[in-house]
Amino acid sequence: MRKQLILGQAFLLLVILLFALFLFFQVKGNPFLYGKAKKALEDYYNSYYADLDLVKKELSYQKEDKSYTITYEDKEEELLNFTLVYQDGKVSSNYQENYVEGKELLEERAKVIQDEAEKISQNTIYEVDSIVFDSFDLYSKSEQEEIKKGDDLKGSSLYQLNLTVINTTLSPPFISELSSFLSENGFEPKTIGLTLKNSQEESKILLEKGDDEEWTIVPSAKS
């Protein structure tokens, strides 16, 4: 009887161990690769990005593509980050796209502004197409800090507002009305991309503010 009890306990322990190994494989992948991947990613970071003062996240396993990743974030804004990926013995990085150019951060900031622009444009002649920022590295340090803080960027003059207007011709009164509409609602884009549509044609026009703070057409952008 005692022998059967011992065997039963041993079997139960084996089941628990196998289940624990199964969970480990699901969460952290191959235990033999885990340490190797971590070292490869950390060595890569130290070789190329050691001078950056960033927050390091934990190594994680992506079971979808059987890869291992470590993400490094800006200390002030977690959306300004980049991820190192270890897969099939190789390390890749989205440093240029996501950290230098700020893809994820700028997409989120653009969405906030676009949501606000769409809200005020309901039941008007203006249809909001998109909000476009320049690449993050093209801004000055002070502008980058402003973008990272993300406080009321709609009035920052750091982005282009793209609008479509149907059955409207470009004229001084129209430009004046558009300028007033945006200013009254706190929007101060750097430039305005206009798509004018009517039944016969479509034209694209870029407006920017001159030294007199009046919106003017950029000649090379008119079509």
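**Q** What's the story with the sheet that holds strand β9 (residues 202-209) in this structure? I'm lost.
**A** Two modes of strand pairing occur in sheets, parallel and antiparallel, and in both the strands are linked by backbone hydrogen bonds. Ordered by their spatial adjacency, five strands build an open sheet running β6-β7-β8-β9-β10, and the pairing between neighbours is mixed. The sheet is open, and its two borders are formed by β6 (126-133) and β10 (215-217), each paired with just one other strand. Averaged over neighbouring strand pairs, the angle between their axes works out to 25 degrees when direction is ignored. In terms of strand pairing, β6 meets strand β7 (residues 159-166) through seven bridges, oriented antiparallel. Pairing of F133 across the sheet is with Y159, part of β7. Most of the contacts of helix α4 (residues 103-121) go to β6, to which it runs at about 160 degrees, and overall it touches β6 and β7.

**Q** What is the right way to look at the environment of E208 in this model?
**A** Of note, E208 is situated in strand β9. What makes E208 partly exposed here is its relative accessible area of 36%. As a C-alpha pair, E208 and K190 span 18 residues in sequence and 6.7 Å in three-dimensional space. Among residues more than four places away in sequence, those in contact with E208 are K190, T191, E214, W215, T216 and V218.

**Q** Help me out: how do you make sense of the pattern of salt bridges in this one?
**A** Pairing is possible between side chains that carry opposite charge, provided their charged atoms lie close to one another. If you walk through the whole model with that rule in mind, you get 15 salt bridges. A salt bridge links K190 to D134; its shortest N-O distance comes to 3.4 Å. Taken together, the residues K190 in the loop between α6 (172-184) and β8 (191-197) and D134 in the loop between β6 and α5 (141-149) connect sequence positions 56 residues apart. With a shortest N-O distance of 3.6 Å, E202 and K204 are connected by a salt bridge.

Calculation notes
- In every chain, residue numbers begin from 1 and rise along the written sequence.
- Only residues with pLDDT of at least 70 get local features here, since the model is predicted, and only at 80 or more are side-chain atom pairs given and counted; chain-wide, interface and lining totals rely on the full set of residues.
- Side-chain calculation: all heavy atoms of the structure are included, whereas hydrogens and water are not.
- Two strands make a pair as long as DSSP finds a minimum of two bridges between them.
- What counts as a helix is a DSSP run of H or I of at least four residues, what counts as a strand is a run of E of at least two, and both are numbered from the N terminus.
- All axes here are fitted lines through C-alpha atoms, helices being fitted over the stretch that makes contact, and every angle between N-to-C directions spans 0 to 180 degrees.
- Note on definitions: a residue-residue contact is assigned when non-hydrogen atoms from the two residues lie within 4.5 Å.
- To sort residues, take the accessible area from a 1.4 Å probe on protein chains only and compare it with the maximum for the residue type: under 20% means buried, over 50% means exposed, and anything in between is partly exposed.
- For this analysis, a salt bridge means a side-chain nitrogen from Lys or Arg found within 4 Å of a carboxyl oxygen belonging to Asp or Glu.

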